2 protein chains.
Amino acid sequence: MNRLEERILRDGVVKEGNVLKVGGFLNHVIDVDLMDWMGQEFKRRFEGLQVDKILTIESSGIAIATMAGHYFHVPVLYAKKNPRIVTMDDDKYVADAFSFTHKVTNHVIVTKSYLQPGEKVLVIDDFLANGAALTALSSIIEQAGAELVGVGIAVEKGMQGAGDRFRANGMRIESLALIDEMDAETNTIKFR
Amino acid sequence: MNRLEERILRDGVVKEGNVLKVGGFLNHVIDVDLMDWMGQEFKRRFEGLQVDKILTIESSGIAIATMAGHYFHVPVLYAKKNPRIVTMDDDKYVADAFSFTHKVTNHVIVTKSYLQPGEKVLVIDDFLANGAALTALSSIIEQAGAELVGVGIAVEKGMQGAGDRFRANGMRIESLALIDEMDAETNTIKFR
């Protein structure tokens, strides 16, 4: 069991509806030593892969992506999220993502000049559950004519199936903690 | 001139209405080497100060605070921002902050258990302009019975006066780039 899995078992809280609360170390409080380890671990797992830029999405992906960028020595671009109507001007890529957590459709937005055709992009995010955020980020990478070379995820909810569907389509996904079962009543978690 | 000031002169864009665009390196694209320098520089400027926790606010404060946390070796807590009505339950501190950028009042929210009475808190943020975010964060620290020991800012818009008002009240603020004048027509910036 790795450091993130151990921490999830110790401090994560399972709630009804496949919700895992990790605010104590991942997405409200940030444990910087854990972030540091995750950054290094992504670098190790994607060793040898050419990466020109890391793409993540606000807010909870930013800390992990920043530490990953620190070890990959590449810039980090974070997509902005906005539930309100966005002026669709010519200088932005936009894709929609429905947030099941907040029950709202977010517009995911990246300024065009910050993502260039041909750039090799590694996506980093805190959670992969239903795949809505990853689908939006993939769409933006495609709109830019850039190339998605890999996906690094902190916590994948494997039982929701999106990760395996992406893998079946040839996407390379590395999840540091891949959960196959969670039980809110007993607060138990089974990793793959 | 320091690294951040040089970068602002090179890649920052001044717009009408005292707007400084720094999306190319600070709050859309993140230049991780610059973040690393800022983290170290805050550590150097606050050397000897006891800091138990760093507090910032989503989204653009997170990357800077994460690198600062890396050098201070303390956890980073980021306050969440929500323009919609928040259920005022007993487990959250809430303060309001009007965003002049987005013309909306944000509820700034921190889960109570993540900020303890007596903790010495260093606030880190990307911008200090009219002081709305800093006022909200100070209020949350006060609500928690914690202690604000210092404020580290990347870019302070000195001409808006909020920073100097806080300093006059005894707040210790370290701004890496303190701008006294900006001119959108000529794209010139004067640092203090």
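See the structure shown above.
What you are looking at is a predicted structure, and each value in this text was computed from that prediction instead of being measured.

Now for unusual backbone geometry. Between A:E58 and the following residue, A:S59, the backbone shows a cis peptide bond with an omega angle of -10°. Here A:S59 is to be found in the loop between strand 4 (53–57) and helix 3 (62–72). Residue B:N187 is not a glycine yet carries a positive backbone phi of 50°. Residue position: B:N187 is located in the loop between strand 10 (173–183) and strand 11 (188–191).

With an RMSD of 0.0 Å, the operation that places chain B on chain A is a rotation of 180° combined with a shift of 0.0 Å along the axis. On the angle and the small slide along the axis, the relation comes out as a two-fold axis. A shared binding surface is used by both copies, with 100% of the interface residues of chain B retained as interface residues in chain A.

So, about the nonpolar core. Counting 77 residues, the largest nonpolar core has A:L4, A:M38, B:L4 and B:M38 as the members making the most contacts within it. Once residues lying within four places of it in the same chain are set aside, the contact partners of B:L4 are B:F25, B:L34, B:W37, B:M38, B:A154, B:V155, B:L176 and B:A177.

Residues and elements named next belong to chain B. Where helix 2 (residues 32–45) meets helix 3 (residues 62–72), the closest approach of the two axes is 8 Å, and the angle between their N-to-C directions is 55°. If you check the angle between helix 2 and helix 3, you find them oblique. Handedness of the helix 2/helix 3 crossing: right-handed. Only A63, I64, M67, A68, Y71 and F72 of helix 3 make contact with helix 2, whose side of the interface consists of M35, D36, M38, G39, Q40, F42 and K43. Taken together, the residues of the contact of helix 2 with helix 3 sort by class into nine nonpolar, two polar and two charged.

Next up on the list: the pairing of strand 7 (residues 104–111) of chain A. All names here are of chain A. Counting buried positions over the eight residues of strand 7 gives seven, a clear majority of the element. Two elements, strand 5 (residues 76–82) and strand 7, share three bridges in a ladder whose sense is antiparallel. From the neighbouring strand, N82 faces strand 7, where its bridge partner is H107. In terms of strand pairing, strand 6 (residues 92–99) meets strand 7 through eight bridges, oriented antiparallel. Within the sheet, the bridge partner assigned to D96 lies in strand 7 and is H107.

Looking now at the interface of chain B and chain A. Contacts between the two partners involve 33 residues from chain B and, on the opposite side, 33 residues from chain A. For the pair chain B and chain A, the summed buried area comes to about 2700 Å², and 61% of that belongs to carbon and sulfur atoms. One can count 17 residue pairs in polar contact (both at pLDDT 80 or more) joining chain B with chain A. At the level of elements, strand 3 (29–30), helix 2, helix 3, strand 5 (76–82) and strand 7 (104–111) of chain B are the ones that each hand at least two residues to the side of chain B that touches chain A. The element that contributes the greatest number of residues to the side of chain B that touches chain A is helix 3 of chain B, accounting for six residues. Across two bridges, the pairing between strand 5 of chain A and strand 3 of chain B is antiparallel. Along strand 3 of chain B, the bridge assignment pairs A:L77 with B:V29.

For the rest of this paragraph, the subject is the pairing of strand 4 of chain A. Residue and element names in this part refer to chain A. Summarising burial for strand 4: five of the five residues are buried, a large majority. Of the two faces of strand 4, the one lined by K53, L55 and I57 and the one lined by I54 and T56 are each fully buried. With three bridges connecting them, strand 4 and strand 8 (residues 120–128) associate as parallel partners. If you follow I54 over to strand 8, its bridge partner there is L122. Sheet analysis places strand 4 next to strand 5, joined by four bridges and oriented parallel. Counterpart to L55 in the pairing with strand 5 is L77.

Below, the discussion takes up the side chain of B:D36. Within the fold, B:D36 resides in helix 2. Salt bridges are absent for the buried B:D36, whose nearest opposite-charge side chain, B:R3, sits at 6.9 Å. Excluding anything up to four places from it in sequence, B:D36 contacts A:H70, B:M67 and B:Y71.

Residues and elements named next belong to chain A. Overall, the coordinates contain two aromatic pairs over all chains when judged by the stated rule. An angle of 90° between the planes, with centres 5.0 Å apart, marks the rings of F98 and F100 as edge-to-face. The class of F100 is partly exposed, set by a relative accessible area of 47%.

A turn of α-helix holds 3.6 residues, and therefore any two residues three or four places apart point the same way. When you tally the buried positions in helix 3 of chain B, you get ten out of eleven residues, the bulk of the element. What helix 3 of chain B keeps buried is the set B:I62, B:A63, B:I64, B:A65, B:T66, B:M67, B:A68, B:G69, B:H70 and B:F72.

Cut-offs applied
Residues numbered from 1 in each chain as written. Chains lettered and ligands numbered in written order. Predicted model: local features only at pLDDT ≥ 70, side-chain atom pairs only at ≥ 80, totals over all residues. Heavy atoms only, no water. Helix = DSSP H or I, 4+ residues; strand = E, 2+ residues; numbered from the N terminus. Least-squares fit on C-alpha atoms with pLDDT ≥ 70 in both. Contact = heavy atoms within 4.5 Å. Core = buried A, V, L, I, M, F, W, Y, C linked by side-chain atoms within 4.5 Å. Buried < 20%, exposed > 50% of the residue type's maximum accessible area, 1.4 Å probe, protein only. Axes fitted to C-alpha atoms, helices over the stretch in contact; angles between N-to-C directions. Parallel < 35°, antiparallel > 145°, perpendicular 65-115°, else oblique. Left-handed = near helix turned anticlockwise from the far one by under 90°. Nonpolar A, V, L, I, M, F, W, Y, C, P; charged D, E, K, R; others polar. Pairing = 2+ DSSP bridges. Buried area = accessible area lost by both parts, 1.4 Å probe. Polar contact = N/O pair within 3.5 Å; in protein donor to acceptor, adjacent residues only side chain to side chain. Lys, Arg positive; Asp, Glu negative; His and termini not counted. Salt bridge = Lys/Arg side-chain N within 4 Å of Asp/Glu carboxyl O. Phe/Tyr/Trp six-rings, centres within 6.5 Å; stacked < 30°, edge-to-face > 60°.

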